[in-house]
Amino acid sequence: MKYTIAVIPGDGIGPEVTEQAKKALNAVGDVYDHTFIYKEAMMGACAIDATGNPLPNETLAVCRKSDAILFGAIGHPKYDNDPTAKVRPEQGLLKIRKELGLFCNVRPVKAYEQLIENSPLKREIIEGTDISIYRELTGGIYFGIKELSDDGQIAFDGCSYSVEEIERIAHLAFKEAQTRRKKLTLVDKANVLETSRLWRKTVTALAIQYPDVALDFLFVDNAAMQMILNPKQFDVILTENLFGDIISDEASVIGGSIGLLASASVGKENAMFEPIHGSFPQATGKDIANPLASILSAAMLLHHLGLHKEAAAVERAVEKSLSLEITTEDLNKNKPFSTSKVGDFIADYIENQDDSVLNFQNIHMGQSTII
Ligand code: IPM
Ligand code: MG
């Protein structure tokens, strides 16, 4: 099959890690006889520099016509340190989510056996953790009315949710729970926030349609604590935009590195796949950033296209790179591999999914991994 993939490398390490994800997709293409046609487009600080606009219209047009979007990262310190900047890279990301209606953000969190010792949390706490976070992505306080009083003394951010916005993601989260351990936890702040009370009411009403799924509720402050105390209790977590942003970064600690967390942002017409780490400006151009989150995002992209065995091949290659420690310096202090070498290994392994052809000596000399 032929697929058109919009590629938005973005800022910082975005281009380097996205390149490795493309290598993995190309290897999948070779082995399983698919053609991926890449259409590159700009978003973020690089787009501001080139056009003055963090999300040029051409980018949206390319994305709308694609079968899926592969995105790297955005952000640049020159904007982070300037709260008065009117145009910011993040506006591009928020706008693409809104314009393409990417309301459902899925962030899987898994404790990889090979990385358990990398986590600051104890083995017995995180071992076996497997969570799927469903974060609402186009509503809530992120997109509410924003105001600053004329004298600059009072700021306001509004938060609103409609039943429709809650229902459409809740259905997807219930369905996901049905394919997993059949537990759904709604994370909210219903003891304080009106929007959270609407979430609870709406999700509770829907639960009748999913009698095989056990629904429970946690206030977000407690959920933040439970995530560290006993993450294994979670299966699917459903939550609003801001809480999901915070909880998912917290949960990344369980995986041993934020460099491993992939995500999918899905709407009715389009879907975008991206690592949840940021643009990591300090590492830009150094060939040291961990490409695995981007590669795992490509695997999520393949699942989305219905290419499940292809996605599984990418996931197996990632597991292999972890078990052989063909990993970047965030995971491998002693003998780190470069971003591009990790990408080469993953692509090689997808092309030759047979351990017997691995040349261990060459791997550790950074040369071809296949005999
Ligand atoms: C994320 C990021 C974004 C968000 C930023 C860059 C606007 O933190 O995707 O989690 O807050 O949603
Ligand atoms: Mg975030």
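A. Quick look at the packing of aromatic side chains. This model, assessed by the stated rule, comprises four aromatic pairs. Consider the rings of Y161 and W199, whose centres lie 5.2 Å apart with planes at 80 degrees: the pair is edge-to-face. Of this pair, Y161 sits in the loop between β7 (155-157) and α7 (163-178) while W199 is found in helix α8 (residues 194-207), placing the two residues 38 residues apart along the sequence. Side by side, Y161 and W199 carry an identical accessibility label, which is buried. Ring geometry for F174 against Y210: centres 4.6 Å apart, planes inclined by 0 degrees, an arrangement best described as stacked. Of this pair, F174 sits in helix α7 while Y210 sits in the loop between α8 and β9 (214-219), placing them 36 residues apart in sequence. Classification of F174 by relative accessible area gives buried; the value is 0%.

B. View of the domain arrangement of the chain. Annotation of the chain at the domain level lists domain 1 (1-103 + 267-371) and domain 2 (107-256). Between the C-alpha centres of domain 1 and domain 2 there is a distance of 25 Å. Counting residues at the interface gives 14 residues for domain 1, matched by 19 residues for domain 2. Counting each side, the surface lost to burial between domain 1 and domain 2 is near 1,600 Å², with a carbon and sulfur contribution of 65%. When the buried surface of domain 1 facing domain 2 is broken down by residue, R97, F103 and I276 rank first, second and third, together holding 42% of it. Applying the counting rule to domain 1 against domain 2 returns one salt bridge. One salt bridge in this structure joins E319 and K110, with 3.6 Å as the shortest N-O distance. Applying the counting criterion to the domain 1 and domain 2 interface returns three residue pairs in polar contact (both at pLDDT 80 or more). At the level of elements, α5 (89-99), α11 (292-304) and α12 (308-323) are the ones that each hand at least two residues to the side of domain 1 that touches domain 2. Taken together, the residues of the side of domain 1 that touches domain 2 break down into eight nonpolar, two polar and four charged.

The rules behind these values
- Residues numbered from 1 in each chain as written.
- Chains lettered and ligands numbered in written order.
- Predicted model: local features only at pLDDT ≥ 70, side-chain atom pairs only at ≥ 80, totals over all residues.
- Heavy atoms only, no water.
- Phe/Tyr/Trp six-rings, centres within 6.5 Å; stacked < 30°, edge-to-face > 60°.
- Helix = DSSP H or I, 4+ residues; strand = E, 2+ residues; numbered from the N terminus.
- Buried < 20%, exposed > 50% of the residue type's maximum accessible area, 1.4 Å probe, protein only.
- Domains from an automatic or database assignment.
- Contact = heavy atoms within 4.5 Å.
- Buried area = accessible area lost by both parts, 1.4 Å probe.
- Salt bridge = Lys/Arg side-chain N within 4 Å of Asp/Glu carboxyl O.
- Polar contact = N/O pair within 3.5 Å; in protein donor to acceptor, adjacent residues only side chain to side chain.
- Nonpolar A, V, L, I, M, F, W, Y, C, P; charged D, E, K, R; others polar.

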